[in-house]
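Report on the structure
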Amino acid sequence: MEFLQYNWTQSDFFHGDIRVFSIEKEQGRGTMRLFIADDSEVVRERLSALLAQLDNVEIVGNAGTVDEAIHEIRRLKPDLVVLDIRMPGGCGIDVLRSVKGDEPSPAVIMLTNYPYRQYEERCMDAGADFFFDKSVEFEFAIEVIKGLASAQIQKRESVLNL
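Presented here is a report on the structure given in the accompanying data block.

With that settled, consider the overall build of the chain. For the chain, the helix and strand inventory stands at 6 helices and 9 strands. Counting only residues that meet the buried cut, the chain has 49% of its 162 residues in that class. Of the contacts formed within the chain by residues at least 6 apart in sequence, a portion of 65% connects residues at least 24 apart.

Look at helix α2 (residues 41-52): 16 Å from first C-alpha to last across 12 residues, which is about the 16 Å you get at 1.5 Å a residue. Of the positions making up α2, those classed as buried are Val 43, Arg 44, Leu 47, Ser 48 and Leu 51. Burial along α2 is one-sided: seen end-on, the buried residues are contained in an arc of 130 degrees.

For the rest of this paragraph, the subject is the side chain of Arg 44. Residue position: Arg 44 is located in helix α2. For the buried residue Arg 44, which engages in no salt bridge, the nearest side chain bearing the opposite charge is Glu 41, 4.6 Å off. Polar contacts involving the side chain of Arg 44 include one to the main-chain carbonyl oxygen of Asp 38, which spans 2.5 Å. If near-sequence neighbours (up to four positions away) are discounted, Arg 44 is found in contact with Ile 36, Asp 38, Asp 39, Asn 62, Ala 63 and Gly 64.

Basis of the calculations
Residues numbered from 1 in each chain as written. Predicted model: local features only at pLDDT ≥ 70, side-chain atom pairs only at ≥ 80, totals over all residues. Heavy atoms only, no water. Helix = DSSP H or I, 4+ residues; strand = E, 2+ residues; numbered from the N terminus. Buried < 20%, exposed > 50% of the residue type's maximum accessible area, 1.4 Å probe, protein only. Contact = heavy atoms within 4.5 Å. Expected span 1.5 Å × (residues − 1). Arc of directions from axis to C-beta. Lys, Arg positive; Asp, Glu negative; His and termini not counted. Salt bridge = Lys/Arg side-chain N within 4 Å of Asp/Glu carboxyl O. Polar contact = N/O pair within 3.5 Å; in protein donor to acceptor, adjacent residues only side chain to side chain.

Everything listed here is a matter of coordinates, which is why it stays silent on function.
Encoded structure:
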């Protein structure tokens with residue numbers, strides 16, 4: 001297994017200090033496996049449609065409830081999860097805590113309509129790698145996903161050229 005690490009400044013994303021996270025990759029695999037967990041089917045479809053256009057991102061699944069999300073994330077083992085806070089059957093933070101306790105754990109982007117500071121702090125404390133407001137930062141979240149996928153490809157190419 002190859003271990004890739006990406007450094008992002010939180011000031012770009014969180015108005016804070018530096019956040020480091022990692023995505024574990026199978027050596028030689030050229031796509032980032034992504035899972036979407038959101039109670040809104042419209043959001044899941046929109047994200048899937050936008051990201052399906054990228055050659056280096058594979059949407060491996062999606063879920064609309066907490067139980068379904070936990071089960072499918074554990075079964076599919078994606079590299080990255082896009083997760084909402086409000087979901088039937090509990091809270092997206094429960095999903096976050098659950099999957100961040102697994103090994104390997106995916107990177108997690110929280111994408112929510114509840115951008116309140118207390119939620120952001122709870123998510124970051126539970127292991128979220130990014131936190132975005134769906135209503136004003138949706139496109140920015142997409143750009144971060146593109147950047148993560150691109151960074152993976154660049155890293156893979158540099159390893160192959162050694």
